[in-house]
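Coordinates in review
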Amino acid sequence: MQQGEEDELSVTIAHIVRKLKGSSLHSQLEKEARASLHNTDIKLETLKEDIKEFFKTSGWEKKLQNAVYRELSVLPAPCHPLAPVEHIKEPLTYMRKAQASWEKRVIKSLNSMCTELNIQLARKRPLNEQKELLNKWNEMGTDEPDLSLFRPVYAPKDFLEVLINLRNPNYDIGDQGNYKSHLGLIQVPLKIKDIPELRDFFQELSLNTGQLGVDDSTQVPPELFENEHLSLGKKVLAGHDSAAAQQFVRQGCPTSLRADLWALILNISNQPEDMLYYEQLKSNVIQHDLLSDSLIYKDVKLTASNDDYYFVFEDYLYQVLLCFSRDTSVLAHFSYSSASPPKSYIRGKLGLEEFAVFYPPNGVIPFHGFSMYVAPLCFLYHEPSKLYQVFREMYVRYFFRLHSISSHVSGILSLCLMFETLLQTHLPQLFYHLREIGAQPLRISFKWMVRAFSGYLATDQLLLLWDRILGYDSLEILAVLAAAVFAFRAVNLMEVTSLAAAEAVLADISTLKVMPLLQIFLFAVVP
Amino acid sequence: MAGKLKWVTDIEKSVLINNFEKRGWVQVTESEDWNFYWMSVQTIRNCFSVENGFRLSDDQLVNHFPNHYELTRKDLMVKNIKRYRKEQEKEGSPLAEKDENGKYLYLDFVPVTFMLPADYNLFVEEFRKNPSSTWIMKPCGKAQGKGIFLINKLSQIKKWSRDSKTSSFVSQSSKEAYVISLYIDNPLLIGGKKFDLRLYVLVTTYRPLKCYMYKLGFCRFCTVKYTPSTNELDNMFVHLTNVAIQKHGDDYNHVHGGKWTVSNLRLYLESTRGQEVTDKLFDEIHWIIVQSLKAVAPVMNNDKHCFECYGYDIIIDDKLKPWLIEVNASPSLTSSTANDRILKYNLINDTLNIVVPNGETPDCKMNKHPPREVLGHYEILYDEEAAQADGAERDLKCRVGQPAGVKGSRTRDSGRPVITTWK
C-alpha cells in the first residue's frame, strides 16, 4: 500500500472510531464487557481470539459492521489531513460562497415574515395549550389554523434561479461556444458520468439482469425471478448485514420485505432508547411553539393533504416533521453538507456568539414540498418512531443534497448538469427544439429531482426508484430518470411550441413505469 | 336508423349518457320501443310490478333484477344469508363448519344483525350477553347513510321505539323497518383513520351464477379521526364513511374526495403486514362476495333480460377480517372528483362491453360468455358453469382444507388468469 493511502485509511479509521465512541452502541458494548468481567473462564493468553469469537456468535460483529458501514456512507470525500473543516463541507470556494449567500436570503425572508406578521421565532406554550396539543397529537390535521398569511420560505423554482446564475469565476467559457459547449441552464463545470460510465455504475439494471418493476423481461420469466428474489431477500434479512442488503435492493425490493430491508440498509433498529428519544422530541414539540411549525403545517396542507396517495397520512406527516425540526442530532450532517444551520440570537443579544442558537433546532428550514420526502415512507412504516428514524436517516444521507449548493456527485447541481448533458448528447434534436421554443427541459424536470420524484410518480413506482437510490447509495438515478422521461415523451414534445405545452405533456407522469424507462434509456439505446 | 341500439334512462348522469352516445346508440323515450334501459330502482319496481308489468322481449335489457332487493335491502340480505347458512348446515356441507364457540368458520362474514321491531327480544338477549357493545341502527330501505344512528344502551332503543310509536312513522309496513347490527368497533385504521371499501360487482346471471369483480374499487376514508370512545357517538363523521355523509364534513377534500384506490390499500398492507395476510384478506373478500350472491341465487328472479352492477360495502377489522356491511343496487354515478369521474365512466364502459357485446342490439338468448378481451377492468369472480365443469366439489374441499396463507388470487394487469384458491 502506498504511504498516502495508508495515511488516508488511518485517518478514516480514526474518524469512524471517534464517531462510534460517542454512540449508544459503544456504551452497550462497554456494559456487556463489564458484565463479562466476572466470568471466570477468561484467559489472558486467548483473550483476543475469544473476544473475536464472542463477537461472531453474539451478533455483535454484525452490529459493529453495520455501524461502521453507516459511518462510511456519510464519510466525506478524502481530503488532505491539513485541509480546513469548510473544505470537507465543500471543496470549491465559489460553491461555498453561493451556498452562504443563499442561506442569507432564506433567513432574511424568514425574518421579514416574522416582522411582517409580528410573531416570534419561538415561544414556550402556556400549560393549557400544551395539554390541548398533547390531546390532539394524533389528529393535528383536524386543526385549521389560519395560515393564509404564511408563505413557503422558498419554492424549488426560486432555488433553480440561484443555480442557473451560478458561475465559476476561474473558468471562462468565452463568448463563442463550440459544438461541445453546454447549452443548458447550468453553466458550471462539474465532473459527471456519461452513458458508458453510468452503464458501468448501474450494471445491475442492465437488460439481462432480473429486475423488480419490469413485467416483460425476455431474459428471465418475471414470476420465476420474483419468487427467487423474494426467498433471497429473506436470507439477506436473516443475515443482518447492511452491505448485503444494499447490494440486494439494486434489483428492487419485494414489497413485503421493503420496510425491513430499508431499515437494515439504514441501520435503523428502533430500540427502546430510540423510541424514548422520539418521545422526548415529541415533548419538545409540546412545550415550544416555533414559527417553522406553521411552515410545516402550511406545506403539508399545500402538498400531501391534496395528494391522492398521501392524504391518508396527513397526521403522521405533522408528527414526523415537527419532531424532526426539534432534533439536534440532525445538526451532525452539517459536517459533511455544504449548508450550515441558521443561527438565531437570544433577544437583545444579536450577534453575540455565546447567545446564538440554531434555528430551527435541527438547522433545516423547510421549503415548499419538503413534506413529500416523508410521505412515501408512510406506506412502509405505521409506527411513528420507526417512520421517524428512517426518514431522518434518509434525510441526512440523501435528501439534504437536493436543496443545497455543492459540487458533490449526488448534489442537485450535478444532477441538473447530468440531466441536461444527457439530453443534449443523446436527444440533441429534442433538446434544441425545446430550447428554441423557450422550454428549457430543466425548468420542467427540476421539481421532480428536488423532491426525488415524490408526489409525481405512483407510489409503487416511487418506491422502486428509491430502492435504487439506497442500493447505489447515490441520487444520480434521479437525473437519469428525468432524462428518460423526456426521451419517452420525445415524440409529443417535438410537436409542442411553448413551455406551457411542454409542461402539459409532462404534467402527469404518474402512469409511467420507472424501471423499463431507466433500462431503455441506459442500455437499449446505442450511444 | 334500423339496427342501432335504442336506449332510455331515467338517471341523467353524464357518465351514462356519454357512454351511450360514444357507441352511436339512439336515445328514445320510455314509451317508444327500446332495447336498453338504465333505470333507477324506483322504475324497476314499477316495471316488474304485477299491475303494470310489461313483458320484456328478447331484444330488451335492463340494469336490475326484478327482486334485487333480496340482496340490496339490508334486512333481506341478512335473512337470505342466515337461510343459506342453515341450508348448508342441513346438507352437511363443509362450508357450514363451525368452531368451538359455535361460530361459522367460513360463513361468518356479516356482523350480527336483527330486524326491528320483529326481532326485538332476540336483540335484547344478545345485547345483555355483551352490554358494552355498540350497535348501529339502519333503516332497511334507505341508502347513502340516511337515518343511521348508533346506540350503546338499551334505554336508547327503548326511547327510539317509544318515539316512533307516537309518530306517524309507526306503521308496520316494512319500509320503516330497521336492522340493528353489531358495530365493528375494531376497524383497521390507516393513518389513524377509519375507512370502508367500495367494490363493484357485476352479475349477468344468477342461475348459473356468473359474476365479475371490478379491479378499481376504492377505500373511503373518514375525514375525522376515529376514536372508539362513546361520547363521540353523536359525531356521525367519525363512524360513517359514505361520501354522501362525509361531504358535509368541514374537512372534505375535493381533490381526492377521501378516496384511496384498492391498489394503494394493497401496497400499504403488503408493505406493513406482509404478502401472505394481504393475499388472504383479498381472497376472503372475494369469497364473501360470492357467498352472498350464492345465498340469494335461489330466490332471485333470474330474468334473462337483466344484469346488475352492485356496490359492495366492506369493512376490514384490525385482525384483517373483512365484514360485509351492505350491497347497493344503484351505486352512485355522481362523480366527486376528476379521478372518480374517470373511474365511473370506465365502470359503465366496461359493464356495457360485457352485457351488450359489440354494442349491438341485445339478444338475451345469446350465451353469456364474453371474450376475455372485452372485460376491461373486470375479472371473472365466479363462473358456476365453469366451476361445475371442473368439479366444484373438489374445489370446495380445497377451500375448506386450505392451509393458512396459500397464495391467493393475486390479480395483475398482465392478464394472467386469476387463481382463486376456493373456486
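Thresholds, definitions, all that
- All residue numbers refer to position in the chain's written sequence, counted from 1.
- Each chain is given a letter, starting from A, and each ligand a number, starting from 1, according to the order in which they appear as written.
- A pLDDT threshold of at least 70 governs which residues receive local features in this predicted model, and a stricter bar of 80 or more applies before side-chain atom pairs are shown or counted, although totals over entire chains, interfaces and linings include all residues.
- Think of the side-chain values as coming from all heavy atoms in the structure, minus any hydrogens and water.
- UniProt positions are given in the numbering used here, feature names are shortened, and annotations may be inferred rather than shown by experiment.
- Each helix is a run of DSSP H or I of at least 4 residues and each strand a run of E of at least 2, with the numbering of both proceeding from the N terminus.
- Categorising residues by exposure relies on relative accessible area from a 1.4 Å probe, with only protein chains included: less than 20% of the type maximum marks a residue as buried, more than 50% marks it as exposed, and the intermediate range marks it as partly exposed.
- Computed with the Shrake-Rupley method and a 1.4 Å probe, the accessible areas treat only the protein chains shown as cover for residues.
- In this treatment the radius of gyration is a C-alpha quantity, and the globule benchmark scales as 2.2 Å times the residue count to the 0.38 power.
- The contact criterion used throughout is that any non-hydrogen atoms of two residues lie within 4.5 Å.
- His residues and chain termini do not enter the charge count, which takes Lys and Arg as positive and Asp and Glu as negative.
- The atoms used to mark charge sites are NZ of Lys, CZ of Arg, CG of Asp and CD of Glu.
- We define a nonpolar core as any set of buried Ala, Val, Leu, Ile, Met, Phe, Trp, Tyr and Cys residues linked to one another through side-chain atoms lying within 4.5 Å.
- Where each domain begins and ends follows an automated or database-derived domain assignment.
- A 1.4 Å probe defines the accessible area here, and the buried area is the portion of it lost by two parts on being joined, summed over both.
- One speaks of a salt bridge when a side-chain nitrogen belonging to Lys or Arg is within 4 Å of a carboxyl oxygen belonging to Asp or Glu.
- Nitrogen and oxygen atoms within 3.5 Å of one another constitute a polar contact, given that in protein one can donate a hydrogen and the other can accept it, and given that sequence-neighbouring residues count only through two side-chain atoms.
- Polar here means any residue outside two lists: the nonpolar Ala, Val, Leu, Ile, Met, Phe, Trp, Tyr, Cys and Pro, and the charged Asp, Glu, Lys and Arg; Gly therefore counts as polar.
- Here is the rule: rings of Phe, Tyr and Trp (six-membered ring for Trp) pair when centre to centre is within 6.5 Å. Planes less than 30 degrees apart are stacked, more than 60 are edge-to-face, and the remainder are tilted.
- Either the NZ atom of lysine or the CZ atom of arginine qualifies as a charge over a ring when it sits within 6 Å of the ring centre and within 35 degrees of the ring normal.

As annotated in an unreviewed UniProt entry, chain B is Polyglutamylase complex subunit TTLL1 from Xenopus tropicalis. According to UniProt, the comment filed for chain B under the heading Catalytic activity (unreviewed entry) is "(L-glutamyl)(n)-gamma-L-glutamyl-L-glutamyl-[protein] + L-glutamate + ATP = (L-glutamyl)(n+1)-gamma-L-glutamyl-L-glutamyl-[protein] + ADP + phosphate + H(+)". Among the UniProt annotations of chain B, the heading Sequence similarities (unreviewed entry) holds the following wording: "Belongs to the tubulin polyglutamylase family."

As recorded in an unreviewed UniProt entry, chain A goes by TBC1 domain family member 19 and comes from Xenopus tropicalis.

Attention shifts here to the overall build of chain B. Looking only at helices and strands, chain B features 13 helices and 16 strands. Put simply, chain B has 423 residues, and 55% of those count as buried. If you sum the accessible surface of chain B, you get close to 19000 Å²; carbon and sulfur atoms cover 51% of it.

Counting its regular elements, chain A contains 24 helices and four strands. Its C-alpha atoms give chain A a radius of gyration of 24 Å, within 12% of the compact-globule value 24 Å for 527 residues. By residue count, 50% of the 527 residues in chain A fall in the buried class. Across chain A, every contact between residues at least 6 apart in sequence was considered, and the portion connecting residues at least 24 apart equals 78%. Within the structure as shown, chain A displays about 24900 Å² of accessible surface, and the carbon and sulfur contribution to it stands at 55%. Across chain A, the centroid of the 52 positively charged side chains sits 5 Å from that of the 62 negatively charged ones.

A general feature of soluble globular proteins is that nonpolar side chains tend to end up buried together. Ranked by internal contacts, the top residues of the largest apolar core, which has 227 residues, are Tyr206(B) and Leu293(B). When residues of this core are sorted by domain, at least three fall in each of domain 2 (92-164 + 269-400) and domain 3 (195-251 + 407-524) of chain A.

Tallying the contact residues gives 29 residues for chain A and 27 residues for chain B. Both sides together, the interface formed by chain A and chain B hides about 2400 Å², and carbon and sulfur atoms give 53% of it. The largest per-residue losses of area from chain A upon contact with chain B belong to Phe311(A), Val312(A) and Phe379(A), which jointly make up 24% of the total buried on that side. Applying the counting criterion to the chain A and chain B interface returns one salt bridge. Between Lys193(B) and Asp315(A) there is a salt bridge whose closest N-O contact spans 3.7 Å. At the junction of chain A and chain B, the tally comes to four residue pairs in polar contact (both at pLDDT 80 or more). Secondary-structure elements contributing two or more residues to the side of chain A that touches chain B are α10 (222-239), α12 (255-265), α15 (314-326) and α20 (459-472) of chain A. The residue inventory of the side of chain A that touches chain B, partitioned by class, reads eleven nonpolar, eight polar and ten charged.

A few words now on the packing of aromatic side chains. Each pair of aromatic rings is reported with the distance of its centres and the angle of its planes. Here the structure, examined in full by the defined rule, presents 54 aromatic pairs over all chains. Centre to centre, the rings of Phe311(A) and Phe221(B) are 5.9 Å apart; their planes meet at 90°, and the pair counts as edge-to-face. Here the residue Phe311(A) occupies a position in the loop between α14 (291-302) and α15, and Phe221(B) occupies one in strand β12 (residues 218-221), the pair thus bridging two chains. Using a relative accessible area of 5% as the deciding quantity, one classes Phe311(A) as buried. In this structure Phe221(B) comes out as buried when scored by relative accessible area, which is 3%. Among the aromatic side chains, those forming a connected cluster through ring pairs are Trp102(A), Tyr154(A), Phe159(A), Phe324(A), Phe367(A), Phe370(A), Tyr373(A), Phe391(A), Tyr395(A), Phe399(A), Phe446(A) and Trp466(A). When the ring centre of Phe282(B) is taken as reference, the NZ or CZ atom of Arg266(B) above it lies at 4.3 Å. Seen from the ring of Trp323(B), Lys321(B) lies directly overhead, with NZ or CZ sitting 4.7 Å from the centre.

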